[in-house]
Amino acid sequence: MKSIFYKSAAIAALMGSAAPAMSQEIRFMCGSDGNNCEVWADIMSRFETENPGVSVVLDAVPYKAILENLPIQLAAGTGPDIAGVTDLGGLNEYYLDLTPHIDADYWNASFGDILNWYRGGPEDNGIYGLHTQMTVTGAYINRTLFDQAYVAVPAEDADWDAWAAAARQVAEKTGAEYPMAMDRSGHRIAGPAISYGAQYFDVSGAPMLVDEGFQGYVEKFVGWHEDGTMAREVWAGQGGSSYQDAANEFINGELVYYYSGSWQVGKFDEQIGDFFDWQVVGSPCGAGGCSGMPGGSGLVGFKQTKHPEVVAKLIDFLAREDNYAEMTARTRNIPAHLSVASSGVDYVDASAPAAAALNAWGTQLPKVSPIAFAYQGHPQNRAMFNITVQRVTQAIVGELSIDDAMARAKDDLKAVLEETQ
């Protein structure tokens, strides 16, 4: 684990009295994704200055550690005081309710329904998390490869078949190794499935994974892995529910079409530079619309902390409009804070491609289906994401037929719901 220690001048002045400083030490687990950890650390150093006797220790870890290791630590009672999480509702049982220590009216006015994503259910009115990174899933293309191949970029309302055909054509003409790739993630595949007509909930509102729309997209997706349209290594090269992206393949110019999401902008801006032109093209369309999945990550405190008031105060400090706007601009994210979003964000030192990409992602949010918003906020979505990854992968590698994989997915979800009820 990589640890980065940030201490204010006020803490240095208290070195002669180590016990009080240690009594206010807050450990922050940060999933390193672009420059977010560094930006948060910089802003939190000002919190330390405002609060002598408080020391924030930031542990920057790989994103996989947040997904796989943090839940184990929390169950064992050994987790950090604060962490950045993406399993927003799924970890609710461990969250510290910030409500007694913050101005709830400000939070409700600033973040609205997004606060529901962190709650345990419809009866839960607690305030648990600061949504720091509003995201939407969708695709990037290597525009230079399209131009070199003299292949027209499909229209805004093009479907998946049109994009697959175009990506294959570009790869064939330019020698690019991979026509298409999608992150190995149940969250990532959900938007395309919804666009194909997947409902995810039955008429009573109960979670439902497999239906005609969902299976229809899975059949396409598996077929693209069989014929070489999709980069097979991303999904077939991993086991269980492990996450895998294809960012490096895209950055290296080996990939024509990459379905990922808005959080990649900062990384692409920094690492691609002028190597090639890249462009956001959103989500392909289908019978269910042109939907990606909303989401992102947020900062939460945990019940096990010895310093609940300080933890809440730190998160509330980051939620201040000026700090939130700075954090959004410097990390190049889409704001979830309603006032910051309405005022607009001045993205600090963003290149022309990055600014264009961020604006393009902003235009994708209105296209997101209500089903996608409901799915993102459902407390069982992490289990459903994991089931999706495991069973779809088994179909891709030929361990199960698609019909058998879908039948097992139904059984998996039934077992999860019975256990949680």
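From a predicted model like this one, the values you see are computed outputs, not experimental measurements.

A. Layout of the pairing of strand E9 (residues 294–301). Buried residues dominate E9, accounting for 8 of its 8 residues. For strand E4 (residues 82–85) and E9, the ladder comprises 4 bridges, and the chain directions are antiparallel. In the sheet register, Ile-82 faces E9, and the bridge partner there is Gly-301.

B. Layout of the domain arrangement of the protein chain. When the domains of the protein chain are assigned, the result is domain 1 (24–134 + 295–359) and domain 2 (136–293 + 367–420). One C-alpha centre belongs to domain 1, the other to domain 2; they are set 27 Å apart. Contacts between the two partners involve 22 residues from domain 1 and, on the opposite side, 19 residues from domain 2. Between domain 1 and domain 2, the buried area comes to about 1800 Å², and carbon and sulfur atoms account for 56% of it. On the domain 1 side of the interface with domain 2, the three residues burying the most area are Lys-64, Trp-117 and Ala-357, jointly 24% of the side's total. On the surface where domain 1 and domain 2 come into contact, there are 2 salt bridges.

C. Region of interest: the packing of aromatic side chains. Inspection of the entire model under this criterion finds 31 aromatic pairs. Taking 5.8 Å as the distance between ring centres and 35° as the angle between the ring planes, the aromatic pair formed by Phe-28 and Trp-40 counts as tilted. Of this pair, Phe-28 sits in strand E2 (residues 25–31) while Trp-40 is found in helix H3 (residues 36–50), placing the two residues 12 residues apart along the sequence. According to the relative accessible area criterion, Trp-40 is buried, its value standing at 5%. Among the aromatic residues, those joined into a cluster by ring pairs are Phe-146, Trp-160, Trp-163, Tyr-196, Tyr-217, Phe-221, Trp-224, Trp-235, Tyr-257 and Tyr-259.

D. How the structure looks around the state of the cysteines. Tallied over the full model, the rule gives 2 disulfides. Two residues share a disulfide in this structure: Cys-30 and Cys-37, whose sulfurs sit 2.0 Å from each other. Where Cys-30 bonds to Cys-37 through sulfur, the torsion about that S-S bond is close to -100°, and the disulfide is left-handed. A sulfur-sulfur distance of 2.0 Å marks the disulfide that ties Cys-285 to Cys-290. With the S-S dihedral at roughly 100°, the linkage between Cys-285 and Cys-290 falls on the right-handed side. Using a relative accessible area of 23% as the deciding quantity, one classes Cys-290 as partly exposed. In the protein chain, the cysteines engaged in disulfides, taken in order along the sequence, are linked 1-2, 3-4.

E. Quick look at the side chain of Asp-81. Relative to the elements of secondary structure, Asp-81 occurs in the loop between helix H4 (63–76) and E4. No salt bridge is formed by the buried Asp-81; the nearest opposite charge belongs to Arg-27, separated by 6.4 Å. Within the structure, Asp-81 has its side chain in polar contact with the side chain of Thr-305 (distance 2.7 Å). Setting aside residues no more than four positions away along its own chain, Asp-81 makes contact with Glu-25, Ile-26, Arg-27, Val-300, Gly-301, Phe-302, Thr-305, Lys-306 and Val-311.

F. Molecular detail of the pattern of salt bridges. Here the structure, examined in full by the defined rule, presents 14 salt bridges. Between Arg-27 and Asp-59 there is a salt bridge whose closest N-O contact spans 3.0 Å. With Arg-27 in strand E2 and Asp-59 in strand E3 (residues 55–61), this residue pair connects regions lying 32 residues apart in the sequence. By relative accessible area, Arg-27 is classed as partly exposed at 29%. Between Asp-412 and Arg-391 there is a salt bridge, and its shortest N-O distance comes to 2.7 Å. Of this pair, Asp-412 sits in helix H19 (residues 402–420) while Arg-391 sits in helix H18 (residues 381–397), placing them 21 residues apart in sequence.

G. Spatial organisation of helix H16 (residues 352–364). Between its first and last C-alpha atoms H16 spans 19 Å; for 13 residues at 1.5 Å apiece the expected length is 18 Å, and the two agree. Where H16 is concerned, the buried positions are Ala-354, Ala-357, Leu-358, Ala-360, Trp-361 and Gln-364. In an axial view of H16, the angular spread of the buried residues amounts to 160°, which keeps them on one side of the axis. The exposed residues of H16 that point more than 90 degrees off its buried face are Ala-352 and Asn-359.

H. Main features of the packing of helix H5 (residues 104–111) against helix H13 (residues 308–319). Their axes nearest at 12 Å, the elements H5 and H13 cross at an angle of 45°. With respect to H13, the element H5 is oriented oblique. Read as a crossing pair, H5 and H13 show a hand that is left-handed. Contacts between H5 and H13 involve Tyr-106, Trp-107 and Phe-111 from the former and Ile-315, Asp-316 and Ala-319 from the latter.

I. Just unusual backbone geometry, in detail. Phi at Tyr-150 takes a positive value of approximately 55°, unusual for a residue other than glycine. Relative to the helices and strands, Tyr-150 resides in the loop between helix H6 (143–149) and helix H7 (160–174). For Tyr-150, a relative accessible area of 76% gives the class exposed. Positioned with a positive phi, Tyr-200 is a non-glycine residue whose angle comes to about 65°. When its relative accessible area of 0% is taken as the criterion, Tyr-200 is described as buried.

J. Highlighting the side chain of Thr-388. The residue Thr-388 is located in helix H18 in this model. For Thr-388, a relative accessible area of 2% corresponds to the buried category. A polar contact of 2.8 Å, which involves the side chain of Thr-388, links it to the backbone oxygen of Met-384. The contacts of Thr-388, once residues within four sequence positions are left out, are Gly-186, Ile-189, Leu-209, Phe-214 and Thr-393.

Calculation notes
Residues numbered from 1 in each chain as written. Predicted model: local features only at pLDDT ≥ 70, side-chain atom pairs only at ≥ 80, totals over all residues. Heavy atoms only, no water. Buried < 20%, exposed > 50% of the residue type's maximum accessible area, 1.4 Å probe, protein only. Helix = DSSP H or I, 4+ residues; strand = E, 2+ residues; numbered from the N terminus. Pairing = 2+ DSSP bridges. Domains from an automatic or database assignment. Contact = heavy atoms within 4.5 Å. Buried area = accessible area lost by both parts, 1.4 Å probe. Salt bridge = Lys/Arg side-chain N within 4 Å of Asp/Glu carboxyl O. Phe/Tyr/Trp six-rings, centres within 6.5 Å; stacked < 30°, edge-to-face > 60°. Disulfide = S-S within 2.5 Å. Lys, Arg positive; Asp, Glu negative; His and termini not counted. Polar contact = N/O pair within 3.5 Å; in protein donor to acceptor, adjacent residues only side chain to side chain. Expected span 1.5 Å × (residues − 1). Arc of directions from axis to C-beta. Axes fitted to C-alpha atoms, helices over the stretch in contact; angles between N-to-C directions. Parallel < 35°, antiparallel > 145°, perpendicular 65-115°, else oblique. Left-handed = near helix turned anticlockwise from the far one by under 90°.

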